[in-house]
Amino acid sequence: MSEVVQSSVDDGVALLTLNRPERLNAWTAEMQRDYFDLLGECGSRHDVRAIVVTGAGRGFCAGADMGTLQDIGAGGLEEAAAAAAQDTRPQTFPLGIPKPVIAAINGPCAGIGLVQALMCDIRFAAADAKITTAFARRGLVAEHGMSWLLPRLVGHAHALDLLLSARVVLGDEAERLGLVNRALPGERLLDETLAYARDLAANCAPSSMAAMKRQVYEDLELPIDQALSRANVLMAESLQAPDFVEGVSSFVERRPPDFAPLAAGSA
């Protein structure tokens, strides 16, 4: 059985579920391969406009599978390299998917599980979900780009607190820190996350969302004048595009928009 399942594509939204509930969806090389494969497929499908990622059972992802960690510990760097070589796509792979990827953090989210949540564009969490970086308590470092991304989400002081202490925060505190966009009662989490994604799929131009996602990540390191110049070029192009005409027409005519799906190869 696949370690990640795509359970539905409904109203333009694909639901991907990490699927090792008996292990709190602990991360494996197979899970990474399945997850990235499905993300790539959803990124190229015309009927998918937004992607929601959650975990089966009571957890989101409890971190790396302990058996895998023990094998790497016993085998040293050679074993670690062999494990990594099973999928050469970086952990930043979701950032390059030209569609919104939204995490519904339904339960424990730790280590590389938190990395996966942070690599989503938007995060909703159950108010009582337990979230931790975990690395310092395993003798590890801030892995997979977390030292770059986490300070940009919560500021360097909160990032250092979360990394150095590896303390557990609940969804409510994660919202206050800016680690997640919204904390919700657990029983409402998936429904409200899917409703948010369906609103994006129904009312927002896929071309606009793809361009803005690319802008946000690419402009993080640019001076403001360069980001402004790039935005001006993109704006001039968008003013000549069919989606702009449709967006204005649908607003004036007070009807739902009928935006075209994302063109193949857009990113």
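Now for a description of the structure that goes with this document. (Residues numbered from 1 in each chain as written. Predicted model: local features only at pLDDT ≥ 70, side-chain atom pairs only at ≥ 80, totals over all residues. Heavy atoms only, no water.)

## What about a negative patch on the surface?
Turning to step 1, where the next piece is worked out: Together, Asp 128, Asp 172, Glu 175 and Glu 187 give the surface a local cluster of negative charge.
Turning to step 2, where the next piece is worked out: We classify Glu 175 as partly exposed; its relative accessible area is 34%. (Patch = residues over 30% accessible without salt bridge, like charges linked within 9 Å, V, L, I, M, F, W, Y side chains within 5 Å. Areas by Shrake-Rupley, 256 points an atom, 1.4 Å probe, with all protein chains shown as cover. Salt bridge = Lys/Arg side-chain N within 4 Å of Asp/Glu carboxyl O. Lys, Arg positive; Asp, Glu negative; His and termini not counted. Charge placed at Lys NZ, Arg CZ, Asp CG, Glu CD. Buried < 20%, exposed > 50% of the residue type's maximum accessible area, 1.4 Å probe, protein only.)

## Concerning the pairing of strand β6 (residues 122–126)
Turning to step 1, where the next piece is worked out: Counting buried positions along β6 yields five of five residues, so the element is predominantly enclosed.
Turning to step 2, where the next piece is worked out: With three bridges connecting them, β6 and strand β9 (residues 182–184) associate as parallel partners. By the bridge assignment, Ala 125 is partnered in β9 with Ala 183. (Helix = DSSP H or I, 4+ residues; strand = E, 2+ residues; numbered from the N terminus. Pairing = 2+ DSSP bridges.)

## Focus: the sheet that holds strand β1 (residues 4–10)
Turning to step 1, where the next piece is worked out: In space, the six strands of this open sheet follow the order β1-β2-β3-β4-β6-β9, with mixed pairing throughout. The sheet is open, and its two borders are formed by β1 and β9, each paired with just one other strand. Averaged over all adjacent pairs, the angle separating strand axes in this sheet is 20°, with direction ignored.
Turning to step 2, where the next piece is worked out: Against the sheet, helix α7 (residues 186–203) makes contact with β1, β2 (13–18), β3 (50–55), β4 (101–105), β6 and β9, and its axis sits at roughly 170° relative to β4, the strand it touches most. (Axes fitted to C-alpha atoms, helices over the stretch in contact; angles between N-to-C directions. Contact = heavy atoms within 4.5 Å.)

## As for the state of the cysteines
Turning to step 1, where the next piece is worked out: All told, the structure shown has zero disulfides when counted by the stated rule.
Turning to step 2, where the next piece is worked out: Distance from the sulfur of Cys 61, which forms no disulfide, to the nearest cysteine sulfur (Cys 109) is 7.0 Å.
Turning to step 3, where the next piece is worked out: On the accessibility criterion, Cys 61 (0% relative accessible area) is buried.
Turning to step 4, where the next piece is worked out: Classification of Cys 109 as buried rests on a relative accessible area of 1%. (Disulfide = S-S within 2.5 Å.)

## Here's the deal with the sheet that holds strand β8 (residues 169–170)
Adjacent strands of a sheet pair through backbone hydrogen bonds, lying either parallel or antiparallel.
Turning to step 1, where the next piece is worked out: Read across the sheet, three strands follow the order β5-β7-β8 without closing on themselves; strand pairing throughout is mixed. The open sheet is flanked by β5 (109–110) and β8, the only strands paired with a single partner.
Turning to step 2, where the next piece is worked out: Across two bridges, the pairing between strand β7 (residues 130–132) and β8 is antiparallel. In the strand pairing of β8, Ile 131 is matched with Val 169.

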